[in-house]
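Listed here are the chains, written in short residue letters.
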Amino acid sequence: MSVTRGFAGRPRVRNDGLPPGQYDAGDDWPVLSAEVTPELAPAQWTLTVDGLVAEPRTWTWDEAHALPPSAYEGDIHCVTSWSKFGVRFGGVSLDAFLELVRPAPEATHAVAYSHTGYTTNLPLADLTGGRAWIVWEYGDGPLPAEHGGPARLLVPHLYFWKSAKWIAGIRLLDHDEPGFWEQNGYHHRGNPWEEQRYSGD
Amino acid sequence: MTDTPTPPAGAGPAAWTPPTRFAVPGRIAVSNRAAATWQRAVLTDIRRETPRAATFRFAVPRWAGHLPGQHLMLRLRAPDGYVAQRHYSIASPPDDLGHVELTLDHVDGGEVSGWFHTVAKPGDEVELRGPLSGFFAWPGDRPALLLGAGSGVVPLMSMVRHHRARNLAVPLRLLVSARGPEELVYASEYGAETTAVFTRDAPPGVPVGRLSAAQVERLLADGPDGGWEAYVCGSNGFAEHASRLLVGAGQPVDRIRIERFG
Ligand SMILES: Cc1cc2nc3c(=O)[nH]c(=O)nc-3n(C[C@H](O)[C@H](O)[C@H](O)COP(=O)(O)OP(=O)(O)OC[C@H]3O[C@@H](n4cnc5c(N)ncnc54)[C@H](O)[C@@H]3O)c2cc1C
């Protein structure tokens with residue numbers, strides 16, 4: 001690519017936490033959902049984990065909160081190029097849910113879906129091993145509705161469209177099945193460190 | 001929303017969609033190759049729209065074409081290899097072959113919009129990839145109700161221009177919100193399809209205020225048989241406000257498409 005005449009860009013800050021092509025959005029937290037923000041009360045919220053599992057199960061808000069708490073403190077990266085550093089989300093590790101439903105040996109992928117019907121696909125390996133959470137807290141408060149509250153999936157090592165807002169369920173499959181953005185030209189995995197933004201990257 | 005999807009357990013490998021009120025399919029299939037390939041674009045013209053916004057016209061000889069409503073990714077490179085990239089909606093209609101136009105607000109301290117508004121001149125080269133996302137695209141088929149604020153009117157203008165260029169009979173309405181008349185982009189281009197709403201100051205005789213429930217209700221009541229496909233674009237604040245009014249006026253959530261500029 002050629003150099004853009006007269007373009008200097010912001011002063012370079014050396015930041016090893018910034019994946020390629022990303023910038024630090026500071027205190028901003030842009031909202032980019034494509035659907036109407038649902039009015040979903042905690043009492044109406046449920047999470048179902050099913051598909052290729054030994055014991056499919058649905059948790060209510062209270063039942064999910066009875067699982068051992070777990071928090072993520074770190075960075076998040078959005079495909080639209082902003083990254084946000086040092087955020088804290090509180091909830092429960094997805095491992096805790098998966099342990100109870102017991103994934104079948106042939107389960108390799110998952111579709112996470114929202115109470116709005118939004119979907120996104122993930123390899124099961126990206127959801128296990130302490131790398132994914134169901135979260136209902138941001139900072140010290142409840143997760144705001146426009147950011148996915150009452151509860152969202154959090155998979156912070158992938159671009160943030162994988163962290164489905166208003167999470168309703170996770171279905172385990174033996175194959176990959178593209179979700180909402182993935183059918184709209186976005187990458188199937190979305191690893192920010194390899195800059196997997198669009199299909200073909 | 002109160003629906004609680006309870007999909008049957010252990011479904012087989014057939015494609016599966018959760019039971020929902022928003023599984024809005026994309027309007028078109030997106031070309032993955034076009035989305036992945038960076039192309040050189042030469043700036044050919046700059047047109048001032050408002051004191052804070054200008055339209056930048058590019059020649060992109062190998063542009064694959066787009067549908068109204070789609071956006072692209074643009075990148076600039078500094079001599080040391082540093083790259084800044086941002087998304088921009090496409091303002092021009094598809095029939096403007098080999099060209100795309102973008103309308104950029106001048107964001108205070110903005111890295112990319114700042115370069116466009118203070119440095120860029122015809123002959124400069126940037127790189128683009130796209131078009132991206134079929135979700136917000138409007139092929140010109142269904143009756144469309146467009147609601148935009150600020151630069152959120154950009155992808156909607158591509159729809160209006162397409163509607164005119166092709167002389168489409170399908171109903172189209174645009175509600176555009178701006179702070180005041182001098183901040184209204186494309187002001188001279190609007191026709192009978194458009195209603196402008198001014199939030200801070202308005203021309204004599206025009207009320208000042210946010211987009212209201214009554215305005216949205218009137219547009220829905222006047223809608224075609226089978227209703228509108230609604231397209232909402234702008235800041236998150238506007239998108240939340242406008243989409244709530246639409247839902248309140250009875251527009252089904254699965255017929256509201258939202259593009260938020262963050
Ligand atoms: C799908 C989509 C379509 C869009 N279409 C349009 C369009 O048609 N027209 C349009 O004008 N915009 C559009 N946008 C917004 C556009 O992508 C950019 O966000 C916008 O132009 C600002 O970019 P910038 O580089 O000028 O500003 P940035 O440099 O990103 O700055 C934005 C704000 O954050 C602050 N900031 C960010 N990073 C730093 C930092 N490191 N240090 C200090 N301050 C910082 C800036 O001061 C400024 O207030 C669209 C966005 C999306 C997602």
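Use the structure listed above.
Let us look at the structure shown here. Only a predicted model underlies this, so the values are computations on that prediction, with no experimental measurement involved.

Analysis parameters
- Residues numbered from 1 in each chain as written.
- Chains lettered and ligands numbered in written order.
- Predicted model: local features only at pLDDT ≥ 70, side-chain atom pairs only at ≥ 80, totals over all residues.
- Heavy atoms only, no water.
- Helix = DSSP H or I, 4+ residues; strand = E, 2+ residues; numbered from the N terminus.
- Areas by Shrake-Rupley, 256 points an atom, 1.4 Å probe, with all protein chains shown as cover.
- Lys, Arg positive; Asp, Glu negative; His and termini not counted.
- Charge placed at Lys NZ, Arg CZ, Asp CG, Glu CD.
- Near = heavy atom within 4 Å.
- Polar contact = N/O pair within 3.5 Å; in protein donor to acceptor, adjacent residues only side chain to side chain.
- Nonpolar A, V, L, I, M, F, W, Y, C, P; charged D, E, K, R; others polar.
- Domains from an automatic or database assignment.
- Pairing = 2+ DSSP bridges.
- Axes fitted to C-alpha atoms, helices over the stretch in contact; angles between N-to-C directions.
- Contact = heavy atoms within 4.5 Å.
- Salt bridge = Lys/Arg side-chain N within 4 Å of Asp/Glu carboxyl O.
- Disulfide = S-S within 2.5 Å.
- Buried < 20%, exposed > 50% of the residue type's maximum accessible area, 1.4 Å probe, protein only.
- Phe/Tyr/Trp six-rings, centres within 6.5 Å; stacked < 30°, edge-to-face > 60°.
- Lys NZ or Arg CZ within 6 Å of the ring centre and 35° of its normal.
- Patch = residues over 30% accessible without salt bridge, like charges linked within 9 Å, V, L, I, M, F, W, Y side chains within 5 Å.

**Details of the overall build of chain A**
- Looking only at helices and strands, chain A has three helices and eleven strands in total.
- Put simply, chain A runs from its N terminus to its C terminus through helices and strands in the order β-β-β-α-β-β-α-β-β-β-β-β-β-α.
- Here chain A has roughly 7500 Å² of accessible surface; of this, 52% comes from carbon and sulfur atoms.
- When the 15 basic and 26 acidic side-chain charges of chain A are each reduced to a single mean position, those positions are 7 Å apart.

**Concerning the site of the ligand**
- In the vicinity of the ligand, 23 residues are found, and the nearest of them are R86, H87, Y88, V112 and S113 of chain B.
- The site occupied by the ligand is bordered by residues of chains A and B.
- Within the side chain of R86 of chain B, a nitrogen or oxygen atom sits 2.8 Å from an oxygen atom of the ligand.
- Contact distances for the ligand include 2.6 Å between an oxygen atom and a side-chain N or O atom of S113 of chain B.
- Going through the elements one at a time, β1 (23-24) of chain A together with β4 (83-89), β5 (99-105), α2 (111-118) and β11 (256-260) of chain B are the ones with two or more residues in the shell around the ligand.
- Residue contributions to the shell around the ligand peak at four residues, all from β4 of chain B.
- Along the lines of polarity and charge, the residues of the shell around the ligand split into eight nonpolar, seven polar and eight charged.
- Counting residues domain by domain, the shell around the ligand receives three or more from each of domain 1 (32-132) and domain 2 (144-261) of chain B.

**What to know about the sheet that holds β5 of chain B**
Residues and elements named next belong to chain B.
- One open sheet accounts for six strands, arranged β4-β3-β6-β1-β2-β5; its pairing is antiparallel. Both outer strands of the open sheet, β4 and β5, are each paired with one neighbouring strand and no more. Mean inter-strand twist for the sheet, computed between neighbouring axes without regard to direction, equals 40°.
- Across the face of the sheet, α2 comes into contact with β1 (39-50), β2 (53-59), β3 (71-77), β4, β5 and β6 (125-132) while running at roughly 80° to β4.

**Section: the interface of chain B and chain A**
- Tallying the contact residues gives 66 residues for chain B and 57 residues for chain A.
- Among the ionic pairs, R129 of chain B bridges to D201 of chain A, the shortest N-O distance being 2.6 Å.
- If you look at where chain B meets chain A, you find 16 residue pairs in polar contact (both at pLDDT 80 or more).
- A per-class count over the side of chain B that touches chain A returns 35 nonpolar, 16 polar and 15 charged.

**Considering the state of the cysteines**
- Following the criterion strictly, the structure yields zero disulfides over all chains and no others.
- In this model C78 of chain A remains outside any disulfide bridge; the closest cysteine sulfur is found in C233 of chain B, 15 Å from its own.
- Given the relative accessible area of 8%, C78 of chain A is considered buried.

**Thoughts on helix α2 (residues 94-101) of chain A**
- All buried positions along α2 of chain A are accounted for by L94, A96, F97, L98 and V101 of chain A.
- R102 of chain A sits one or two residues past α2 of chain A and shows a positive phi near 55°.

**A few points about unusual backbone geometry**
- In this structure, P150 of chain A follows G149 of chain A across a cis peptide bond, with omega equal to 15°.
- With respect to the helices and strands, P150 of chain A occurs in the loop between β9 (141-142) and β10 (152-154).
- Residue G130 of chain B is joined to P131 of chain B through a cis peptide bond whose omega torsion reads 5°.
- Position of P131 of chain B relative to the elements: it lies in strand β6.
- The phi torsion at R102 of chain A lies on the positive side, around 55°, for a residue other than glycine.
- Summarising the element assignment, R102 of chain A is placed in the loop between α2 and β6 (109-114).

**Section: the packing of aromatic side chains**
- The tally for this structure, following the rule as stated, stands at 22 aromatic pairs over all chains.
- A centroid spacing of 5.3 Å and a plane angle of 70° characterise the contact between W161 of chain A and Y186 of chain A, whose relative ring orientation is edge-to-face. In this pair, W161 of chain A sits in the loop between β10 and β11 (167-173) while Y186 of chain A sits in the segment after α3 (180-183), placing the two residues 25 residues apart along the sequence. Residue W161 of chain A shares its accessibility class with Y186 of chain A, and that shared class is buried.
- The interplanar angle of 80° and the centroid separation of 4.9 Å between the aromatic rings of W115 of chain B and F116 of chain B together place this pair among those described as edge-to-face. Accessibility classification places W115 of chain B together with F116 of chain B in one group, the buried group.
- Grouped by ring-pair contacts, the aromatic residues Y118, Y159, W161, F180, W181, Y186 and Y198 of chain A together with F135 of chain B constitute a single cluster.
- Across from the ring centre of Y82 of chain B, 4.0 Å away, lies the NZ or CZ of R12 of chain A, which sits over that ring.
- The ring centre of Y23 of chain A lies 4.2 Å from the NZ or CZ of R86 of chain B, which sits over that ring.

**Observations regarding a negative patch on the surface**
- A contiguous patch of negative charge, built from D105, E182, E183 and D201 of chain B, is present on the exposed surface.
- As for its placement among the helices and strands, D105 of chain B is situated in strand β5.

**A look at the environment of D95 of chain B**
Residues and elements named next belong to chain B.
- You can see D95 is positioned in the loop between β4 and β5.
- Between the C-alpha atom of D95 and that of R161, which follows or precedes it by 66 residues, the distance is 9.6 Å.
- In this structure D95 touches A165 and R166, once residues within four positions along its chain are discounted.

**A closer look at the pattern of salt bridges**
- Applying the stated criterion across every chain yields a total of 26 salt bridges over all chains.
- R10 of chain A is the partner of E111 of chain B in a salt bridge, and the nearest nitrogen-oxygen pair spans 3.8 Å. Linking E111 of chain B in helix α2 with R10 of chain A in the segment before β1, this pair reaches from one chain into another.
- Through salt bridges with shared partners, one network takes in R47, R57, D96 and E101 of chain B.

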